[in-house]
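Architecture and fold: a report
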Amino acid sequence: MGYQDIFNTKNAADVKTSYFSQLAPLAARTPGTGNADTTKHEWLTNQHRDSITSYIGHDHILAYSALVEGKSQARMRYEFMEHMIEPCGPPPEEQEDEAM
């Protein structure tokens with residue numbers, strides 16, 4: 001029975017409700033996935049932080065980055081961690097909508 005067969009049964013509403021009820025805790029545990037209220041800046045910041053974390057966590061990528069930059073691995077790790085503070089710069093100022 002494939003997923004299409006499940007959704008074609010008379011219990012399709014129950015299956016969909018169950019699916020989304022299981023999806024909510026998963027989304028809550030992983031803030032990088034975002035939601036409907038996530039701004040472009042927040043999403044990009046999460047993506048950059050995830051990438052930088054991967055660079056730091058995988059020693060071969062860190063070693064390659066250090067070799068290319070001509071710096072030590074400890075220095076590259078430090079620079080990557082410093083870059084995680086605001087990887088996309090400061091957040092944009094919120095614009096207020098003025099009704100005329």
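About the criteria used
- Residues numbered from 1 in each chain as written.
- Predicted model: local features only at pLDDT ≥ 70, side-chain atom pairs only at ≥ 80, totals over all residues.
- Heavy atoms only, no water.
- Helix = DSSP H or I, 4+ residues; strand = E, 2+ residues; numbered from the N terminus.
- Buried < 20%, exposed > 50% of the residue type's maximum accessible area, 1.4 Å probe, protein only.
- Contact = heavy atoms within 4.5 Å.
- Areas by Shrake-Rupley, 256 points an atom, 1.4 Å probe, with all protein chains shown as cover.
- Patch = residues over 30% accessible without salt bridge, like charges linked within 9 Å, V, L, I, M, F, W, Y side chains within 5 Å.
- Salt bridge = Lys/Arg side-chain N within 4 Å of Asp/Glu carboxyl O.
- Core = buried A, V, L, I, M, F, W, Y, C linked by side-chain atoms within 4.5 Å.
- Axes fitted to C-alpha atoms, helices over the stretch in contact; angles between N-to-C directions.
- Parallel < 35°, antiparallel > 145°, perpendicular 65-115°, else oblique.
- Left-handed = near helix turned anticlockwise from the far one by under 90°.
- Nonpolar A, V, L, I, M, F, W, Y, C, P; charged D, E, K, R; others polar.
- pLDDT = per-residue confidence, 0-100.

1. A closer look at the overall build of the chain
Assigned secondary structure in the chain consists of five helices and zero strands. Secondary structure of the chain in N-to-C order comes out as α-α-α-α-α. Buried residues in the chain amount to 12% of all 100 residues. A separation of at least 24 residues holds for 47% of the contacts in the chain among residues at least 6 apart in sequence. Here the chain has roughly 8500 Å² of accessible surface; of this, 55% comes from carbon and sulfur atoms.

2. Some thoughts on a nonpolar patch on the surface
A cluster of nonpolar side chains, contributed by Tyr19, Phe20, Leu23 and Leu26, occupies part of the molecular surface with about 390 Å² of accessible area. With respect to the helices and strands, the residue Tyr19 is situated in helix 2 (residues 12-29).

3. Side note on the nonpolar core
Counting residues in hydrophobic clusters, the biggest one holds six residues: Ile52, Ile56, Leu62, Ala66, Met76 and Phe80. If you list the elements that add at least two residues to this core, you get helix 3 (40-57), helix 4 (59-69) and helix 5 (73-83). When near neighbours in sequence (up to four residues on either side) are disregarded, Ile52 contacts Phe80, His83, Met84 and Pro87.

4. Re the pattern of salt bridges
Throughout the structure, instances matching the rule amount to one salt bridge. Note that Glu79 and Lys71 form a salt bridge whose closest N and O atoms lie 3.1 Å from each other. Assessed through its relative accessible area of 30%, Glu79 is described here as partly exposed.

5. Topic: the packing of helix 3 against helix 5
Packing of helix 3 against helix 5 leaves a shortest axis separation of 10 Å and a crossing angle of 165°. One finds that helix 3 runs roughly antiparallel with respect to helix 5. Considering only the axes of helix 3 and helix 5, their crossing is left-handed. Every residue of helix 5 that contacts helix 3 at Ile52, Tyr55 and Ile56 is listed here: Arg77, Phe80, Met81 and His83. Looking at the contact of helix 3 with helix 5 residue by residue, the classes come out as five nonpolar, one polar and one charged.

6. Considerations on the confidence of the model for the chain
Scored by pLDDT, the chain comes out at a mean of 82, with 77% of its residues at no less than 70. Helix 4 holds the highest mean pLDDT among the elements of the chain, 97, whereas helix 1 (residues 3-7) holds the lowest, 58.

7. Quick notes on the environment of Met76
Along the chain, Met76 falls in helix 5. Between the C-alpha atoms of Met76 and Ser65, which are eleven residues apart in sequence, the distance is 7.3 Å. When sequence neighbours within four positions are dropped, the list of residues in contact with Met76 reads Leu62, Ser65, Ala66, Glu69 and Lys71.

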